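If you want the building blocks of each chain, they are given just below.
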Amino acid sequence: MTREEWLRAFCERIGVDAPTPEEEEQLLELAAIAAHSSERPAAPLACWAAGKTGRSPGELREIARAINPE
């Protein structure tokens, strides 16, 4: 099963739309920022917290970037 197939099945079962390709890219970037700015477990936990906000993946990515600007 591919990542996309698994994600579609998961989203269907929890009753949400799967992310668009753009949203997927932004969420993966958010996870990467969290993992590289802190400890790796920060990535899934940041994505969990992000999902509770109702904000766009792009906005959340920018917030994450602002924590540890390069």
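Per chain, residues are indexed from 1 in the order of the written sequence. Reporting of local features is limited, given that this is a predicted model, to residues whose pLDDT is at least 70; pairs of side-chain atoms are given and counted only at 80 or more, and all residues count toward the totals for whole chains, interfaces and linings. Side-chain measures here rest on the full set of heavy atoms in the structure, leaving out hydrogens and waters.

Novice: Whenever I open this one, the overall build of the protein chain confuses me. Can you help?
Specialist: A tally of helices and strands in the protein chain yields four helices and zero strands. Oriented by its inertia axes, the alpha-carbon framework of the protein chain measures out at about 35 × 25 × 20 Å. Out of the 70 residues in the protein chain, the part that is buried amounts to 21%. Residue contacts follow a heavy-atom distance rule, with two residues in contact if any of their heavy atoms lie within 4.5 Å. Counting only contacts in the protein chain whose residues sit at least 6 apart along the sequence, the fraction spanning at least 24 positions is 42%. All accessible areas in this document rest on Shrake-Rupley with a 1.4 Å probe, and a residue is counted as covered only by the protein chains that are shown. As presented, the protein chain carries roughly 5400 Å² of accessible surface, and 56% of it is formed by carbon and sulfur atoms. The averaged location of the 13 negative side-chain charges in the protein chain is 4 Å from the averaged location of its 8 positive side-chain charges. Here a helix means four or more residues in a row that DSSP labels H or I, a strand means two or more in a row labelled E, and each is numbered from the N terminus. Remark: exposure states derive from per-residue accessible area (1.4 Å probe, protein chains only) relative to the maximum for the residue type, with buried under 20%, exposed over 50%, and partly exposed in between. In this tally, Lys and Arg are treated as positive and Asp and Glu as negative; His is ignored, and so are the chain termini. To locate a charge, take atom NZ for lysine, CZ for arginine, CG for aspartate or CD for glutamate.

Novice: What am I meant to see in the packing of aromatic side chains here?
Specialist: Two descriptors summarise a pair of aromatic rings, namely the distance from one centre to the other and the angle between the planes of the rings. Put simply, two rings from Phe, Tyr or Trp (the six-membered ring, in Trp's case) pair if the centres are within 6.5 Å, and we call them stacked under 30 degrees between planes, edge-to-face over 60, tilted for the rest. For the structure shown, the criterion picks out one aromatic pair. A ring pair is formed by W6 and F10, whose centres lie 5.1 Å apart and whose planes are at 10 degrees; its orientation type is stacked. Of the two residues, W6 and F10 are both situated in helix α1 (residues 3-14); the distance of four residues between them amounts to about one turn of the helix.

Novice: Would you explain α1 in this entry?
Specialist: Helical geometry: 3.6 residues make up each α-helical turn, so side chains three or four residues apart lie on a common side. Multiply 1.5 Å by the residue count of a helix minus one, and that product is the helix's expected span. Between its first and last C-alpha atoms α1 spans 16 Å; for twelve residues at 1.5 Å apiece the expected length is 16 Å, and the two agree. One or two steps after α1, the chain reaches G15, where phi turns positive at roughly 80 degrees.

Novice: Would you take a moment to explain the nonpolar core for this structure?
Specialist: Nonpolar side chains in soluble globular proteins tend to be buried together. Remark: nonpolar core denotes a set of buried residues (Ala, Val, Leu, Ile, Met, Phe, Trp, Tyr, Cys) joined through side-chain atoms within 4.5 Å. Core analysis: the biggest nonpolar cluster contains five residues, these being L30, I33, A50, L60 and A64. For this core, the secondary-structure elements that each account for two or more residues are α2 (21-37) and α4 (57-67). Not counting residues up to four positions away in its chain, the partners in contact with A64 are L30 and I33.

Novice: Quick question: what am I supposed to make of the side chain of Q26 here?
Specialist: Within the secondary structure, Q26 is located in helix α2. Overall, the relative accessible area of 12% leaves Q26 in the buried class. Here Q26 is in contact with P57, G58 and R61, once residues within four sequence places are set aside.

Novice: Just to check I follow, could you spell out the environment of G58 for this structure?
Specialist: Examined against the element boundaries, G58 turns out to sit in helix α4. The class of G58 is buried, set by a relative accessible area of 13%. A C-alpha to C-alpha distance of 20 Å links G58 and E4, two positions 54 residues apart in sequence.

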